[in-house]
Amino acid sequence: QRPKTAIICGSGLGGLADVLDNKTIFPCEDIPHFPRSTVAGHIGRLVFGDLSGQPCVCMQGRFHYYEGYSVSTVTFPIRVFFLLGVEILIVTNAAGGLNPHFQVGDIMFIRDHISMLGLGGQNPLRGPNDERFGVRFPCMSDAYEQDLLSLAMESAQELGFLSFVREGVYCLQAGPSYETIAECRALHALGGDAVGMSTVPEVIVARHCGLRVLGISLITNKAVMNYNSQEKANHEEVLAGELQLILELGKPLHPNAWVCIPL
Ligand code: R1P
């Protein structure tokens, strides 16, 4: 199988791979040089198969910097996908909503990102540049492709899903501790709409090697923004989300059904 599309399943979102037909499954520990998944809600395997007739690979379980891996190790699978012939990367994640208008269960298409790790010097492309993958100084102003974003929004509109589909800026913080109230306020003031501990390094490496990227956050909790709140972020709440993406028959990428099961 030579998938053209790779989907990275976020925390608790591994069910995305269940809809693939003709599955072939490889546990990550059987793949040379792959990291091991250590987080609940990340099974740690590659599932190859067909999604509405389109060859796809789903990574059920991603790797995170907070697990102790470097940002370049976290993104190793992206280069494997590139070498396999993948052209489109769909990154999904579970994220906390910073935007006060976002509700739990909303889907946010990622328009852009702010990387606290990257701004602080933890960029996966740090070190000698391997020209076989891309240029030394890749542009990131078009990291999330406008055409894919528009297509996804059109689909959402056709399906009457606009009431829970958003667009916004994803903020990366290193984790594993969740954000403080002051950090949430600061990230929101900087222009962030959602916050999480993944995705951005994968997108940087994907763009470096020319993959087209669509990013999707499922808002699994509202970030705590004031000191009177009794809410406490926790991973159980994050895992309660579920996101299903079905690609339309005969089209290379047209998410024709987004089913969001509200928490
Ligand atoms: C925290 O509950 C975990 O959920 C999110 C955060 O990044 C963190 O890993 O997971 P994904 O980003 O992998 O969806």
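S.K.: Could you clarify how one ought to interpret the site of the ligand in this entry?
M.R.: Neighbouring the ligand are 14 residues, the closest being S11, Y66, Y178, S198 and H235. A distance of 2.7 Å is found between an oxygen atom of the ligand and a side-chain nitrogen or oxygen belonging to H64. Residue Y178 places a side-chain N or O atom 2.6 Å away from an oxygen atom belonging to the ligand. Contributing elements (two or more residues each) for the shell around the ligand: β5 (88–97) and α7 (235–239). Its residues placed into classes, the shell around the ligand shows five nonpolar, eight polar and one charged.

S.K.: Can you walk me through a nonpolar patch on the surface in this structure?
M.R.: On the surface, a nonpolar cluster with roughly 340 Å² of combined accessible area is contributed by M116, L119 and L190. Its location among the elements puts L190 in the loop between α5 (181–189) and β8 (194–196).

S.K.: How should helix α2 (residues 76–84) be read in this particular structure?
M.R.: The periodicity of an α-helix, 3.6 residues per turn, causes residues three or four positions apart to be oriented the same way. Among all positions of α2, only P77, I78 and F81 are buried. Along α2, the residues classed as buried sweep out an arc of 105° about the axis, all on the same side.

S.K.: What should I look at first to understand the pairing of strand β9 (residues 212–222) in this one?
M.R.: Regular strands place their side chains on alternate faces of the sheet. By the criterion of burial, β9 is predominantly enclosed, with nine of the 11 residues buried. Both β5 and β9 contribute to a ladder of 10 bridges, which runs parallel. Paired with I90 across the bridge in β9 is L214. By the bridge criterion, three bridges tie strand β6 (residues 107–115) to β9 in an arrangement that is antiparallel.

S.K.: So what exactly am I meant to see when it comes to the nonpolar core here?
M.R.: Among soluble globular proteins, nonpolar side chains are generally buried collectively. Counting 39 residues, the largest nonpolar core has L46, I78, F81 and L89 as the members making the most contacts within it. Broken down by element, the residue count for this core peaks at five residues, all from helix α6 (residues 200–208). When sequence neighbours within four positions are dropped, the list of residues in contact with L89 reads A6, I8, I78, F81, E202, A206, L211, R212, V213 and L214. In this structure, I7, L149, A156 and F161 belong to the second largest nonpolar core, which totals 24 residues.

S.K.: How should I be thinking about the packing of aromatic side chains in this particular structure?
M.R.: Here the distance between the centres and the angle between the planes together describe a pair of aromatic rings. Counting across every chain of the model gives six aromatic pairs. Summarising the aromatic geometry, the rings of F26 and F48 are spaced 5.6 Å apart at their centres and angled 85° between planes, so their arrangement reads as edge-to-face. Of this pair, F26 sits in strand β2 (residues 21–27) while F48 sits in strand β3 (residues 45–51); the two residues are 22 residues apart in sequence, bridging distant segments of the chain. In this structure F26 comes out as partly exposed when scored by relative accessible area, which is 39%. Seen in terms of ring centroids, F63 and Y69 are 6.1 Å apart; in terms of plane orientation they differ by 85°. Their pairing is edge-to-face. Assessed through its relative accessible area of 1%, F63 is described here as buried. Connected via pairs of aromatic rings, a cluster forms that spans F34, F63, Y69 and F76.

S.K.: Is there a simple way to think about the pattern of salt bridges in this case?
M.R.: A side chain with one charge can pair with a side chain of the opposite charge if their charged atoms come near. Summed over all chains, the structure comprises seven salt bridges. With a shortest N-O distance of 2.7 Å, E202 and R62 are connected by a salt bridge. Remark: R62 occurs in the loop between β4 (54–60) and α1 (71–74) and E202 occurs in helix α6; sequence separation between them is 140 residues. In this structure E202 comes out as buried when scored by relative accessible area, which is 1%. On the basis of relative accessibility, which here comes to 1%, the residue R62 falls in the buried class. Between R212 and E145 there is a salt bridge; the shortest N-O distance is 2.7 Å. Here the residue R212 occupies a position in strand β9, and E145 occupies one in the loop between α3 (116–119) and α4 (146–158), the gap between them amounting to 67 residues.

Procedures and definitions
Residues numbered from 1 in each chain as written. Predicted model: local features only at pLDDT ≥ 70, side-chain atom pairs only at ≥ 80, totals over all residues. Heavy atoms only, no water. Near = heavy atom within 4 Å. Polar contact = N/O pair within 3.5 Å; in protein donor to acceptor, adjacent residues only side chain to side chain. Helix = DSSP H or I, 4+ residues; strand = E, 2+ residues; numbered from the N terminus. Nonpolar A, V, L, I, M, F, W, Y, C, P; charged D, E, K, R; others polar. Patch = residues over 30% accessible without salt bridge, like charges linked within 9 Å, V, L, I, M, F, W, Y side chains within 5 Å. Areas by Shrake-Rupley, 256 points an atom, 1.4 Å probe, with all protein chains shown as cover. Salt bridge = Lys/Arg side-chain N within 4 Å of Asp/Glu carboxyl O. Buried < 20%, exposed > 50% of the residue type's maximum accessible area, 1.4 Å probe, protein only. Arc of directions from axis to C-beta. Pairing = 2+ DSSP bridges. Core = buried A, V, L, I, M, F, W, Y, C linked by side-chain atoms within 4.5 Å. Contact = heavy atoms within 4.5 Å. Phe/Tyr/Trp six-rings, centres within 6.5 Å; stacked < 30°, edge-to-face > 60°.

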